[in-house]
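# Observations on the model geometry
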Amino acid sequence: MQGRKALKVEWDDSGFVFHDTPQLYAKMEEDLKTKEGLSARTKGNPTHALEKAEKKIEAIYSTPYESHSAMSNELRCNVTDDTCEIWGTDTSARLGSG
């Protein structure tokens, strides 16, 4: 506790752009219209299929913005005399990309 009391932190957030939720969604919607997306895996030729489609439906689905800062990895360990069992999470997108 003495070390924490003695620590004087000075945060430097210069160069960091602060956005509120409406600004973030406006930027993301603009990016949908103007930028090529990233794909972890593509099967078939979706561009060709969309060009041939008689009927096209477009939609944007969204949920309230939440900070990912609370989504950090966690580990739980159960240590006994002769074993150590570790349970963990990973929020890495590449794990679900097949």
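None of the values given here were measured: they were computed from a predicted structure. For every chain, the first residue of its written sequence is number 1, and the numbers climb from 1 along that sequence. Given that this is a predicted model, residues contribute local features only at a pLDDT of at least 70 and side-chain atom pairs are listed and counted only at 80 or more, while totals for whole chains, interfaces and linings are drawn from all residues. Excluded from the side-chain calculations are hydrogens and water; all other atoms, namely the structure's heavy atoms, are used.

## Examining the overall build of the protein
The test is simple: Helix and strand definitions here come from DSSP, where helices need a minimum of 4 consecutive H or I residues and strands a minimum of 2 consecutive E residues; each element is numbered from the N-terminal end. Any pair of residues with heavy atoms lying within 4.5 Å of one another is described as a contacting pair. For the area figures, the Shrake-Rupley method with a 1.4 Å probe applies, and any residue is considered shielded solely by the protein chains shown.
Scanning the protein for helices and strands turns up three helices and two strands. Along the protein, from the amino end to the carboxyl end, the secondary structure elements read α-α-α-β-β. Within the protein, residue pairs in contact and separated by at least 24 positions form 35% of the contacts whose partners lie at least 6 positions apart. For the protein, the accessible surface area stands at approximately 10400 Å², while carbon and sulfur atoms represent 54% of it.

## Digging into the pairing of strand β1 (residues 75-79)
In plain terms, the rule: Burial classes follow relative accessibility: with a 1.4 Å probe on protein chains only, a residue under 20% of its type's maximum area counts as buried, one over 50% as exposed, and anything between as partly exposed. Between any two strands, pairing holds if DSSP finds at least two bridges.
Within β1, only zero of the five residues are buried, which leaves the element largely exposed. Pairing analysis gives five bridges linking β1 to strand β2 (residues 84-88), with the strands arranged antiparallel. Counterpart to Arg76 in the pairing with β2 is Trp87. In this structure, the hairpin formed by β1 and β2 is closed by a connection of four residues.

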